[in-house]
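So you can see what is in the structure, the chains are spelled out below.
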Amino acid sequence: MIKVAISGKGGVGKTTLAANLAYLLAKEGYSVTAIDCDSSINLPSALGVDNVTPLSSLKKVIEERVKMPFGAFRYNPKVDDLFEKYSVVNSEGVRVLVLGTIEKGGEGCFCPESAFLRAILRHAIFSDDVLILDMEAGIEHLGRGTARGVDLLIAVVEPGMRSIETLKRIEKLAEDIEIDRMCVVVNKYFQSEGAKRIVDFVKESYELLGVIPYDVKLIEADMNKIPPYKICDLKPFEEIKEKLKEMCL
Ligand SMILES: Nc1ncnc2c1ncn2[C@@H]1O[C@H](COP(=O)(O)OP(=O)(O)OP(=O)(O)O)[C@@H](O)[C@H]1O
Ligand SMILES: [Mg+2]
């Protein structure tokens, strides 16, 4: 079982890593679920599917499943049928779901929507061999304990001080959503003194999971809405996948 959440500053390559790992693991025969937990939804397109309904938009369903009389609601609503119904399986066999955003409520809110999305995540953790969560660097709408049961938080950074600063925030995120282990992927790497220093810093202070070189094919894939794994160099992603298998299986 490989259950990972991928986080990092905007634009560092979370979705690219999520899609490529999902693809590679599905190709090996694992049953894989990939969930977009980001408010800017782009994982489905990176996995070559569209028309995935954001679960948070199912207002009526949420009401039926979560709400009880007198303003109370269920913390443990039934969602297994919805998991099947509102996921799309791509041509490589990856099951894709989109959580979507919750408009109301602050951090850790206990609104019906968040109870519902948490139930979906809890269900996902026990559903398939592999679970990959594409997350943002914060937890505005899901709150504490959201990803309990996920083994590993992968923080993606790119060479640059801003994304290194985000690492501290992601460490806090790991604590909040109750993931015990965190490791780091340095993405968009290019040969330079500065980039090397970033890798050394990560090695000293965190667990380095992998280094992915800057690859123009990935920009091309993004611009042409082609899943990244169809045209990019997959070798660095394969190495990360192997390491993950060693760590989690
Ligand atoms: N190794 C790489 N080399 C070159 N470009 C890359 C690399 N990895 C990702 N990119 C490009 O960087 C951009 C952002 O990547 P991606 O969407 O995966 O990041 P993200 O962290 O999910 O972004 P967001 O925060 O917007 O969800 C895309 O154009 C993608 O193709
Ligand atoms: Mg993304």
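Here is a short report on the structure shown in this document. (Residues numbered from 1 in each chain as written. Chains lettered and ligands numbered in written order. Predicted model: local features only at pLDDT ≥ 70, side-chain atom pairs only at ≥ 80, totals over all residues.)

## Regarding the overall build of the protein chain
Counting its regular elements, the protein chain contains nine helices and eight strands. Along the first, second and third principal axes, the C-alpha set of the protein chain runs to 60 × 35 × 35 Å. In the protein chain, of all internal contacts separated by at least 6 residues, the share reaching a separation of at least 24 is 78%. (Helix = DSSP H or I, 4+ residues; strand = E, 2+ residues; numbered from the N terminus. Contact = placed C-beta atoms within 7 Å.)

## Side note on the nonpolar core
One finds I6, A22, A34, I132 and L133 to be the most contacted residues of the largest nonpolar core, which totals 75 residues. For this core, the element with the most residues is helix α1 (residues 14-27), which contributes nine residues. (Core = buried A, V, L, I, M, F, W, Y, C linked by C-beta atoms within 7 Å. Buried ≥ 20, exposed ≤ 12 C-beta atoms within 10 Å, placed from the backbone.)

## Some words on the site of ligand 1
With respect to spatial proximity, 19 residues lie near ligand 1, and among them G13, K14, T15, T16 and D222 are the closest. Counting residues per element, the ones that place at least two in the shell around ligand 1 are α1, β7 (181-189) and α8 (216-223). Here the shell around ligand 1 is composed, by residue class, of five nonpolar, nine polar and five charged. (Near = placed C-beta within 6 Å. Nonpolar A, V, L, I, M, F, W, Y, C, P; charged D, E, K, R; others polar.)

## Quick look at the environment of M182
As for its position among the elements, M182 is in strand β7. Between the C-alpha atom of M182 and that of L152, which follows or precedes it by 30 residues, the distance is 5.6 Å.

## With respect to unusual backbone geometry
Of note, F70 is a non-glycine position whose phi angle comes to about 60 degrees, a positive value. You can see F70 is positioned in the loop between α3 (59-66) and α4 (80-85). Even without being a glycine, K188 presents a positive backbone phi close to 60 degrees. Structurally, the position occupied by K188 is in strand β7.

## A few points about the sheet that holds strand β6 (residues 152-157)
Read from one edge of the open sheet, eight strands run β3-β4-β2-β5-β1-β6-β7-β8, paired in mixed fashion. The open sheet has two edge strands, β3 (88-89) and β8 (208-213), and neither has a second partner. The pairing of strand β1 (residues 2-8) with β6 spans five bridges and is parallel. Each bridged residue has a counterpart across the sheet, and for A5 the counterpart in β6 is L153. Each of β1, β2 (32-36), β5 (130-134), β6 and β7 touches α1; the most contacted strand, β5, lies at about 165 degrees to it. (Pairing = 2+ DSSP bridges. Axes fitted to C-alpha atoms, helices over the stretch in contact; angles between N-to-C directions.)

## Comments concerning the pairing of β7
In terms of residue burial, β7 counts as a mostly covered element, since seven of its nine residues are buried. In terms of strand pairing, β6 meets β7 through six bridges, oriented parallel. Each residue of the ladder has a partner; that of A155, found in β7, is V184. For the segment spanning β6, helix α6 (residues 161-176) and β7, crossover handedness is right-handed. In the sheet, β7 pairs with β8 via four bridges, with the strands oriented parallel. Bridge pairing links V184 to L208 in β8. In the classification by handedness, the crossover that spans β7, the intervening helix α7 (residues 193-205) and the parallel β8 is right-handed. (Right-handed = clockwise from strand over helix to strand, strands pointing away.)

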